[in-house]
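# Commentary on secondary and tertiary structure
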Amino acid sequence: MPVWPIEADRTLVQLHHEAWGVHDGAPTAVNMMAQTDDGFLWFATATGVVRFDGVRFESYGARGASLPRNPAHSILALPSNGLLVGWFWGGASLVRNGDVTHWSEKDGYPPGTTYQFLRDSDGGLWAATSTALARFDGKRWQRVGAEMNFAGLHAYALFLDRDGTVGALTETTLMLLPRGAAAFRETGGTHSSGAPMARARDDKYYFSLGTSIRSFTNLAHYDRPDNPVLLAGLPDSDYRHLLLDRDGGLWFSTNTGIARVPQPGGKDPRVEYHETLGGLEHDYSALLEDRDGSIWVANGQGIERFRSGAIVPPTGLMATRWPAMIPDTSGGLWFAGWKSTLRHVAADGTARTVKSLRGSSAYVEPGGAMWFASGEITGIAPELLRYEGGRFETIALPGELGLGVDLQAIVVDADGGLWISVVRRGVFRREGTTWSRVAGLPDGGRRTAVVMAADASGNVWLGYREGQVAQYARGKVRIYGSADGVDLGVVSAIHEGDGRLWIGGDRGVATFDRDTFRTIATAAPDAVAGITGIVETRGGDLWLHGVGGVARMRAAEVQRALKDPAHRPEVRVFSEQDGLRGNRALVRPLPTLVKGSDERLWIATTRGVFSLDPRRLVGDDVPPTVVINSAVAAGDRFVAPASLELPAGTTSLEFDYTVPNSAAPRRVRFRHRLVGLDDDWREAGPRRQAFYTNLGPGSYRFQVTAASEDGLWSEPGASVAFDIAPAWYQTRLFAVLCVATGLFLLWLLYRLRMAQVAARIRSRLEAQLIERERIARELHDTLLQSTQGLILHIQSAATKMAPGEAPREQLEAALEHANDVVAEGRNRVLDLRIAGGQGDVRTILQEIAAATPFDPRIPVHINVQGKVRTVHPLVLAEIKQIASEALFNIARHAQARSVEVTVTFALRELRIRIHDDGIGIAEELLSAGSKPGHFGLSGMRERAQNIGGTFSIESRPGKGTDVMLTLPATD
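Thresholds applied
- Residues numbered from 1 in each chain as written.
- Predicted model: local features only at pLDDT ≥ 70, side-chain atom pairs only at ≥ 80, totals over all residues.
- Heavy atoms only, no water.
- Helix = DSSP H or I, 4+ residues; strand = E, 2+ residues; numbered from the N terminus.
- Polar contact = N/O pair within 3.5 Å; in protein donor to acceptor, adjacent residues only side chain to side chain.
- Patch = residues over 30% accessible without salt bridge, like charges linked within 9 Å, V, L, I, M, F, W, Y side chains within 5 Å.
- Areas by Shrake-Rupley, 256 points an atom, 1.4 Å probe, with all protein chains shown as cover.
- Salt bridge = Lys/Arg side-chain N within 4 Å of Asp/Glu carboxyl O.
- UniProt positions renumbered as here; feature names shortened; annotations may be inferred.
- Buried < 20%, exposed > 50% of the residue type's maximum accessible area, 1.4 Å probe, protein only.
- Arc of directions from axis to C-beta.
- Contact = heavy atoms within 4.5 Å.
- Phe/Tyr/Trp six-rings, centres within 6.5 Å; stacked < 30°, edge-to-face > 60°.

## Remarks on the environment of Arg869
Considering the arrangement of structural elements, one finds Arg869 in the loop between strand 66 (860–866) and helix 5 (873–894). Residues Arg869 and Phe905 lie 36 residues apart in sequence; the distance between their C-alpha atoms is 7.3 Å. A polar contact is formed between the side chain of Arg869 and the backbone oxygen of Ala906, at a distance of 2.3 Å.

Below, the structure is given as structure tokens:
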């Protein structure tokens, strides 16, 4: 924020004044004020210590132990943000880095009210109390007595001279302790005061005595009756507070307000009084100049501040409504108020009235000739005046204008043609003495131009309410509209600076670039809305007067935006907080912002002519300092935390942060992030709190940064590291146990599921086994027995025939075939009943291999892997059938040289792989699943499915075949 000391040439009226009352949370009954290095303001009040960051007043509570809410009478800021507090009822406290140390009589601190603290040139601390003067030796407080020629005395007020001399005002006199001296020396004076004296830059001292303020140059002669009287006739007071600001102005309190002598060392000192400011009055009790040069005043009703804003408000003749402005060549300004008079203000601020003139527009030619338009008054025609060489010339206007019109704008082109834009009449051009409309302009020149300007080549540019821009160059007219990039609404400002044309309007600002216009979108669009004045300074900064005030876009930001259309430049707005008051003209006179020959900016509003000197903008290149005030977790408040260890179960956290005592605190923008949770910064705007919820255990770091009005970010800002301890159910051990328990439960579920599947398979196998045995019994007891009986009957009949007879031979042949059928039936019954016993897979496979008709015989290798387990008889029977079919197919079709059978007893399954090195199976046969009219492969799959297994065949021509049977374990 740009800040300055309060200049002596500004009156109190021209200072920016703010007031905070009880409704704003401001303290009352303030005894003393101080400012620490971090920018916080501190108030010693009747209810304790209060801190102010520019936005909020808060009763201060130190980390670990709150300061007493007792009446505080004195306060002193120490280096590195230390603070000394003296209590009305005795004792003192030191606050540093959020910690507090209390001193009482047991620490050597004298009893009674502490009137004042002082830090001498060597860093020593002094305390003036109602009972004694004391000095701190680094460990304890020591009373100052006879050893320092101060026996039986106590001090009402202390002060430190520039040469290091410590002054102590006792009840009756002034005592002095030169730097390095061992004892005080008496001055011989017989007067005292409860408020210290002040020393100016010209080495004069100012001292309040009763009803007067006197000056002197020698401390030893502080109360001589012949000392010059600066002010007399004041209300009698022994506690009149004096303050000399850094620009030499003397401030003092009165019974009813505040007073200022801007130049107390002048021949005729002028005194300014303000008895009622912002509704706050009476009991002015403390004065303070802060590090920015602002003056703070405490009274019985609240707090006030006076400061020099960037913008100087008008006084006297300059307080004229809506002026039309023309800068002169000497740093001054010509201005004609709206329906008022033409006036001139010189560079030194001297203003004079020149002529009665109802100003509506003004223009200055490059050669220096000035033009003024006098607006209409009912029944009187407007006037156009030219001023050059100290005299005015009235120029005849077009006859068709009539009454009831105003001249909106004036300009002169490269050929000397005079242009005027007339409300409700349009645009006219004068060549010689003849007025005419310009062909090619909108509506043939009958449309009124809101603003007109000439560029360096003398080309005329016109802006219109309908959002168009026209260019007139040596008789040729071109109209630019939305298709050419003009998208600003009403075009109300045109300016050429450093060879570049700028236009402004309702929706911002645009520049003319390569035969088209390009809008410059800023980071804060509202700040550049409603532009009625544009100025480019010598350094390349762009200034815009709009709805929000006067906005500055730094040269670097301008150049970056010109090179990179995606860049949104930062702007700094100067508004009411900087001294600008009133509203800009929406229609006329325009422009409302012009640049003087000395680079000073002149701003026109309803309140008059304001000025701003860009060369005096200092201090705004320093980014703001961010302070984290406190953190709140689980109802506990931690003051100024550097790090935190939070208990288990903490899920939410609140951080309060600020930028202390910024001159415009509500313009500061913040952003924050929580490392460990946030991936990027969170934009907080002006909000000074951050909230986080649903936090888990772990390590985090809260970071916050702030940006000044110019977009300068404080890096790295402020941060707080903290850890949240895990609850027992949030520890790694608990997580491991949960995972292990979950896996165990999954394993149990799997086992249960497998047991259920195995039970179903066993049940199905048992059912199949019972059914097979039943079928075997039925076949044996019915079909085979009946067939056997039939064979015996036929055989009996055959034996009765003569041997050799043809019928007997036929019967004997039939009987032989019948015996074969019976034998086959018995084999089938045997196959059904063989499932009733347990079997060995290796043995079964060996038998099958031996029975397979390989021609020629080839080796069949059987390998068994894993722990051999018992296989259910029915499963074994199906395995036998599948293996038989597989080996039979190898013998018949594979042309293999060897066969390898691998039996694997795995933990959860049984795998049987039959591999041959034959010619393989054709791909189309594998895809079809079986050969038409053949059911061997299909049968093997069906048998595998019947016993809950899976069956697959893999083969490539010339690479052999793999037959895979996989069965789940049932135990």
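## Some remarks on a nonpolar patch on the surface
On the surface, a cluster of nonpolar side chains totalling about 500 Å² of accessible area is made up of Val739, Leu743, Leu746, Leu749 and Leu752. Within the secondary structure, Val739 sits in helix 2 (residues 732–799).

## Quick word on the UniProt feature "transmembrane region" (unreviewed entry) in the protein
Taken from the UniProt record, the annotation "transmembrane region" (unreviewed entry) applies to residues 733–752. Along residues 733–752 one finds 100% helix and 0% strand; the C-alpha atoms at either end are 28 Å apart.

## A word on unusual backbone geometry
Residue Pro589 is bonded to the preceding Arg588 through a cis peptide linkage, with omega at 0 degrees. Mapped onto the fold, Pro589 is located in the loop between strand 53 (572–574) and strand 54 (593–595). Here the bond from Leu590 into Pro591 is cis, since omega is 0 degrees, no more than 30 degrees from zero. Despite not being glycine, Ser80 has its phi angle at roughly 60 degrees, a positive value. Its place among the elements puts Ser80 in the loop between strand 6 (72–78) and strand 7 (82–87). Positive phi, close to 65 degrees, is recorded for Arg424, a residue that is not glycine.

## A short note on helix 1 (residues 555–563)
When we look at burial in helix 1, the residues that qualify are Ala555, Glu557, Val558, Ala561 and Leu562. The buried side chains of helix 1 occupy one side of the element, clustering within an arc of 160 degrees when seen end-on. Of the residues in helix 1, the exposed ones pointing more than 90 degrees away from the buried face are Ala556 and Lys563. Packing partners of the buried residues in helix 1 comprise strand 47 (500–505), strand 48 (508–513), strand 49 (516–519), strand 51 (542–546) and strand 52 (549–553).

## Description of the packing of aromatic side chains
Across all of its chains, the model carries 38 aromatic pairs by this definition. Centroid distance Tyr109 to Trp141: 5.2 Å. Interplanar angle 90 degrees. Geometry classified as edge-to-face. Note that Tyr109 is positioned in the loop between strand 9 (99–103) and strand 10 (114–119) and Trp141 in strand 13 (residues 141–143), a separation of 32 residues in sequence. Each member of the pair, Tyr109 together with Trp141, is buried. Ring centres 5.5 Å apart and planes at 45 degrees place the aromatic pair Trp251 and Phe306 in the tilted group. Remark: Phe306 occurs in strand 28 (residues 302–307) and Trp251 occurs in strand 23 (residues 250–253); sequence separation between them is 55 residues. You'll find Trp251 and Phe306 in the same group, each marked buried. Pairwise contacts between aromatic rings join Phe655, Tyr657, Phe670, Tyr692, Tyr700, Phe702 and Phe722 into one cluster.

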